[in-house]
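Chains, contacts and geometry: an overview
Take a look at the letters that make up each chain.
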Amino acid sequence: MVDGPSVGVVVPAKANLFLAVRKRRPDGYHELVTVLQTVSLYDHLRVGVYGPPGKGHHPAARRRMAIELVTDRTDLGPDEGNLVVLAARALANRTGVLDPTATPEGRGPRTVIELTKGIPVAGGMAGGSADAAGALVGLNELWGCQLDRDALRDLGEELGSDVPFCVVGGTAIATGRGTAMAQVLCRGSFSWVVCTAHEPLSTAAVYRAWDRHCRPTEIEPDAVLAALRGEDPLALGAALHNELQPAAFALRPELVEHREALLDAGALGAVLSGSGPTLLALAESADSAARIAAEVGHRFAGTAVARSPVGGPELRRT
Ligand code: C5P
């Protein structure tokens, strides 16, 4: 599809190892304390300029360039697809790459973003946010914007609560809407079974269910942070905590039984990922994760074995 210069980006999924909801804010969002980590499930993006050679690539024509998302997936919600294009527009506006008042020429150049999904869609693993982060990192390179990761992270904040973390990756603690963050120490590597549900869940619907069914707690992430520092999977399994879990379980009661089955199969801990419905089961080792996945696989739309943490978005230049 892309016939000009192009840049590839590989972006990982995120997991919330701890998520406490403190209160509903006046702006409708919820105040959070959360510990996030990137997990080795990936989406792939390729961004490039496409269009007629020569005159079409004149700088004035490029300033009127359209932005187009191409994906083989038909199950992407409009929000998820839009987030990638919104990310591209936000970067273009911030850096002046595109003229915000101009309408693109029909036969002029256009920036094409090709997306191949590996992260569950609407599963609570920030797939849409990872794609937006990947678009920011890839287009920053393709368009020569020269923004650093901190500037891209700040730009991500206006796009969605998980986008800033997805721009940097690693292991972080976040507060506020989930966007004010600092990296935290994590030693070693952890093995997971990622269990995808048959039907997605809307993040906003899960937060509305939290408003109906749940109350804030005072629980702090100290036990998770100590387990990450101490390279201690047993302690991490016991400390996994997500206060959106009761809300998501109220909407999807079958998840209660699925979580029990993961623990019965030998998981050190099992928790809803973000706003769900994906369940994350922590295993002793990669082999144990594969055994658990084989035992519970029939309950889910899909299971994958993954490890954490991994690095943030990576560029693949061609
Ligand atoms: O920020 P993002 O677009 O990912 O949020 C999706 C929805 O999730 C919001 O519209 C809001 O309803 C809910 N949300 C929330 N509090 C947060 C993050 C998200 O209520 N901290």
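The shown structure was predicted, so the numbers you read here are calculated from the model rather than taken from an experiment.

Definitions and cut-offs
Residues numbered from 1 in each chain as written. Predicted model: local features only at pLDDT ≥ 70, side-chain atom pairs only at ≥ 80, totals over all residues. Heavy atoms only, no water. Helix = DSSP H or I, 4+ residues; strand = E, 2+ residues; numbered from the N terminus. Rg over C-alpha atoms; globule rule 2.2 N^0.38 Å. Contact = heavy atoms within 4.5 Å. Lys, Arg positive; Asp, Glu negative; His and termini not counted. Charge placed at Lys NZ, Arg CZ, Asp CG, Glu CD. Domains from an automatic or database assignment. Buried area = accessible area lost by both parts, 1.4 Å probe. Salt bridge = Lys/Arg side-chain N within 4 Å of Asp/Glu carboxyl O. Polar contact = N/O pair within 3.5 Å; in protein donor to acceptor, adjacent residues only side chain to side chain. Nonpolar A, V, L, I, M, F, W, Y, C, P; charged D, E, K, R; others polar. Axes fitted to C-alpha atoms, helices over the stretch in contact; angles between N-to-C directions. Parallel < 35°, antiparallel > 145°, perpendicular 65-115°, else oblique. Left-handed = near helix turned anticlockwise from the far one by under 90°.

Overview of the overall build of the chain
When helices and strands are tallied, the chain shows 11 helices and 12 strands. In terms of overall dimensions, the chain is globule-like: its C-alpha atoms have a radius of gyration of 20 Å, near the 20 Å expected for 318 residues. Referenced to the eigenvectors of the C-alpha coordinate spread, the extents of the chain come out at roughly 65 × 45 × 35 Å. Taking the contacts inside the chain whose residues are at least 6 apart along the sequence as the reference set, 77% of them involve residues at least 24 apart. Here the chain contributes 31 positive and 36 negative side-chain charges, whose respective centroids are spaced 6 Å apart.

Section: the domain arrangement of the chain
Looking at the assigned domains, one finds that the chain contains domain 1 (6–184 + 310–317) and domain 2 (190–308). For domain 1 and domain 2, the distance between their C-alpha centres works out to 25 Å. Every contact between the two is made by 29 residues of domain 1 and, on the other side, 35 residues of domain 2. Between domain 1 and domain 2 lies a buried interface of about 2,500 Å² when both sides are counted; carbon and sulfur atoms form 63% of it. Of all residues in domain 1, L17, F18 and R22 give up the largest surface area on contact with domain 2, accounting jointly for 23% of the area buried on that side. At the boundary of domain 1 with domain 2, the tally comes to 2 salt bridges. With a shortest N-O distance of 3.2 Å, E220 and R22 are connected by a salt bridge. At the surface where domain 1 touches domain 2, the tally comes to 14 residue pairs in polar contact (both at pLDDT 80 or more). Taken together, the elements giving at least two residues each to the side of domain 1 that touches domain 2 come down to strand 1 (6–24), strand 2 (30–50) and strand 5 (171–175). Ranked by residue count, the leading element in the side of domain 1 that touches domain 2 is strand 1, at 10 residues. Of the residues belonging to the side of domain 1 that touches domain 2, the class tally is 18 nonpolar, 8 polar and 3 charged.

Quick look at the packing of helix 3 (residues 127–142) against helix 4 (residues 149–157)
For any two helices packed against each other, one specifies the crossing angle of their axes together with the interaxial distance. Relative to each other, helix 3 and helix 4 sit at 130°, their axes nearing to 10 Å. On the basis of the axis angle, helix 3 is oblique to helix 4. Of the two elements, helix 3 crosses helix 4, and the hand of that crossing is right-handed. Residues L136, V137 and N140 of helix 3 form the contact with helix 4, whose own contacting residues are R149, L152, L155 and G156. Here the contact of helix 3 with helix 4 is built from residues that sort into 4 nonpolar, 2 polar and 1 charged.

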